[in-house]
Amino acid sequence: MNTNATNLVVGLGITGLSCVRYFARKNQSCKVVDSRVNPPGLELLRKEFPEVECELGPFNESTFMNAAELIVSPGVSLKNAAVAKAIESGVSVTGDIDIFSREVSEPIVAVTGSNGKSTVVSMVGEVLKAAGRSFAIGGNLDADPALPALDMLSVRKDFYVLELSSFQLETTRSLGAEVATILNLSEDHLDRYADMDEYRAAKLRIYTDCKQIVINRDFPVPPAIEGFSGAVWSFGFSESEGSCVHPLTIHGEQWVAFEQEPLFKVDSIKVVGRHNLANAMAATALCLALKIDNQAIREGITSFPGLPHRCQWVSNGNGVDYYNDSKGTNVGASIAAIEGLAEKVAGKIVLIAGGEGKGADFSQLVPVLKRCVRHVVLIGTDAPKIAEAIGKECPFVFAAD
């Protein structure tokens, strides 16, 4: 046994830095390796932890073989030659989420899936806020600033809400979440996984030792509940027996209901589109599993404005709702946003569009503009190109700013 073995943080960046901070709080030694010669976070590492050794450039197999444990960042595949050889030789491997799960005794809400993760965990946060509960949200969340799981340990909370990628789950042995869900699965990251089965297997690790499961009836991920003895909740657009969240029509109005109990009107949700209704039902099911009261669920879900710049509700002035969709930087994303809004206000949308189109074919916009939009305001460099594509199909004006 190598008595000088130390914890080896594989990959720097935000996650790697959070691991170094964790070991510093624990007064445990660690070493960082990164295959990049100038990885993100290097300057901060040298400033905060000048004593921590950092080995940069192509991986040295002997460094891995002599480690006490590998703490592998999500961006590094376990199939990497140096990592795989060390694991095969008996070196223990873990990740930040695995360490986090061992450190906390408070309930963990764990969310993964190919789409919708960030919206669902953010909705859960709004509900917990409405319920007056303390919480932290982190993991893979695309937030600014991003909050790695281990950085959430500095202040104890009532709940920890984690958005988890398949990469993070690869190194997670026993999450032990209070409630966990796989929202959906579609082809993704097949440059890292051999096939969909391998990708699915990584996602399924979220259920290891969890107490309750929330399943999407419209996108079942077998074997999600095979042999599971805990509570099973579900959400979906069809009604089902058991603990299910679904749309319910009452006197011509659509509600989101738990079994036969109406919780909130569908048109009270600020984020629009069928996919966001599914996200709202998923968040509702997760919060019901946490025993959060219906009023807090109603307040939290209906107050959620959307994630920044992603068809985000901004305000209402004189009866007009304003949405910020500046993340819609390609024609396809813009079409999806317009169609989502049109489910609520077809034919009444005023679209402000422009900027640099990066060679996009703006003619693809025409069918959705004719169907859903009553006027277009054009701005920015490519405003004339959009105008040319629109022609006489939809009224438009140019604006200087």
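Quantities reported herein were computed from a predicted structural model and do not represent experimental measurements. (Residues numbered from 1 in each chain as written. Predicted model: local features only at pLDDT ≥ 70, side-chain atom pairs only at ≥ 80, totals over all residues. Heavy atoms only, no water.)

A. Quick look at the sheet that holds strand β3 (residues 54-56). Ordered in space as β3-β2-β1-β4-β5, the five strands form an open sheet in which the pairing is parallel. The open sheet terminates on both sides in strands that have one partner only, identified here as β3 and β5 (92-94). Averaged over all neighbouring strand pairs, the angle between strand axes comes to 20°, with direction disregarded. Here helix α1 (residues 13-25) sits on the sheet and contacts β1 (7-10), β2 (30-34) and β4 (69-72); the angle it forms with β1, its principal contact strand, is near 160°. (Pairing = 2+ DSSP bridges. Helix = DSSP H or I, 4+ residues; strand = E, 2+ residues; numbered from the N terminus. Axes fitted to C-alpha atoms, helices over the stretch in contact; angles between N-to-C directions. Contact = heavy atoms within 4.5 Å.)

B. Quick look at the nonpolar core. Within the largest apolar cluster, 45 residues are counted, with the highest numbers of intra-cluster contacts made by Phe100, Ile108, Leu162, Leu175 and Ile206. Every residue in contact with isoleucine 108, bar those within four places of it in the chain, is listed here: Phe100, Ser101, Tyr160, Leu162, Leu175, Ala177, Glu178 and Val179. Counting 41 residues, the second-largest nonpolar core is a separate cluster that includes Val124, Val127, Val271 and Phe304. (Core = buried A, V, L, I, M, F, W, Y, C linked by side-chain atoms within 4.5 Å. Buried < 20%, exposed > 50% of the residue type's maximum accessible area, 1.4 Å probe, protein only.)

C. Highlighting the packing of aromatic side chains. Scanning all chains against the criterion turns up seven aromatic pairs. With 5.8 Å between their ring centres and 35° between their planes, tryptophan 233 and phenylalanine 258 make a pair best called tilted. Of this pair, tryptophan 233 sits in strand β11 (residues 231-235) while phenylalanine 258 sits in strand β13 (residues 253-258); the two residues are 25 residues apart in sequence, bridging distant segments of the chain. Centre to centre, the rings of phenylalanine 396 and phenylalanine 398 are 5.8 Å apart; their planes meet at 80°, and the pair counts as edge-to-face. Since its relative accessible area comes to 51%, phenylalanine 398 is described here as exposed. Cation over ring: lysine 270 sits above tryptophan 313, and NZ or CZ is 4.9 Å from the ring centre. We note arginine 274 situated over the ring of phenylalanine 237; from NZ or CZ to the ring centre the distance is 3.7 Å. (Phe/Tyr/Trp six-rings, centres within 6.5 Å; stacked < 30°, edge-to-face > 60°. Lys NZ or Arg CZ within 6 Å of the ring centre and 35° of its normal.)

D. Representation of the pairing of β1. Of the two faces of β1, the one holding Asn7 and Val9 and the one holding Leu8 and Val10 are both buried throughout. Where β1 meets β4, four bridges bridge the pair, whose relative direction is parallel. Looking across to β4, one finds that valine 9 is bridged to isoleucine 71. In terms of strand pairing, β1 meets β2 through four bridges, oriented parallel. Directly across from leucine 8, in β2, lies its bridge partner lysine 31. Note that the unit made of β1, α1 and β2 has a crossover that is right-handed. (Right-handed = clockwise from strand over helix to strand, strands pointing away.)

E. Focus on the environment of glutamate 69. Inspection of the secondary structure assignment puts glutamate 69 in strand β4. By relative accessible area, glutamate 69 is classed as buried at 16%. Discounting chain neighbours no more than four positions away, the residues touching glutamate 69 are Thr6, Asn7, Leu8, Val91, Ser92, Val93, Thr94 and Arg173. Within polar-contact distance, the side chain of glutamate 69 engages the side chain of serine 92 at 2.8 Å. (Polar contact = N/O pair within 3.5 Å; in protein donor to acceptor, adjacent residues only side chain to side chain.)

F. Fine view of the side chain of histidine 246. Looking at the element boundaries, histidine 246 is found in strand β12 (residues 244-250). By relative accessible area, histidine 246 is classed as buried at 1%. Within the local environment of histidine 246, its side chain forms a polar contact with the backbone oxygen of glutamate 259, the two atoms lying 2.5 Å apart.

G. Spotlight on the pattern of salt bridges. For the structure on display, the rule yields 20 salt bridges. Ionic pairing is found between lysine 129 and glutamate 126, a salt bridge with its closest N-O pair at 3.4 Å. Note that lysine 129 and glutamate 126 are positioned in helix α6 (residues 117-130) at a spacing of three residues, about one turn of the helix. Each of Glu69, Asp98, Arg102 and Arg173 takes part in a single network of salt bridges with overlapping partners. (Salt bridge = Lys/Arg side-chain N within 4 Å of Asp/Glu carboxyl O.)

H. Region of interest: the environment of valine 124. Within the secondary structure, valine 124 is located in helix α6. Linking valine 124 and alanine 282, residues 158 residues apart in sequence, is a C-alpha distance of 9.2 Å. When neighbours within four sequence positions are excluded, valine 124 is seen to be in contact with Val161, Ala283, Leu286 and Cys287.

I. Focus on the sheet that holds strand β19 (residues 396-398). The strand order across the open sheet built from three strands is β17-β18-β19, with neighbouring strands paired in parallel fashion. Whereas interior strands pair on both sides, the edge strands pair on one side only; in this sheet they are β17 (349-354) and β19. With strand direction ignored, the average angle separating the axes of adjacent strands in the sheet is 20°. Each of β17 and β18 (373-379) touches helix α11 (residues 331-345); the most contacted strand, β17, lies at about 165° to it.

J. Inspection of the packing of α6 against helix α10 (residues 294-303) at higher detail. For the pair α6 and α10, the least separation of the axes is 7 Å and the interaxial angle reads 135°. By the angle class used here, α6 and α10 are oblique. For the crossing formed where α6 meets α10, the hand is right-handed. Only Ala296, Ile297, Glu299, Gly300, Ile301 and Ser303 of α10 make contact with α6, whose side of the interface consists of Met123, Glu126, Val127 and Ala130. (Parallel < 35°, antiparallel > 145°, perpendicular 65-115°, else oblique. Left-handed = near helix turned anticlockwise from the far one by under 90°.)

K. Structural context of helix α9 (residues 274-289). Compared with the 22 Å implied by 1.5 Å per residue over 16 residues, the 23 Å span of α9 between its first and last C-alpha is a close match. The buried count for α9 comes to 14 of 16 residues, which makes it a mostly enclosed element. Positive phi appears at lysine 291, one or two residues downstream of α9, with a value of about 65°. (Expected span 1.5 Å × (residues − 1).)

Scope: geometric values only; no functional claims are made or implied.
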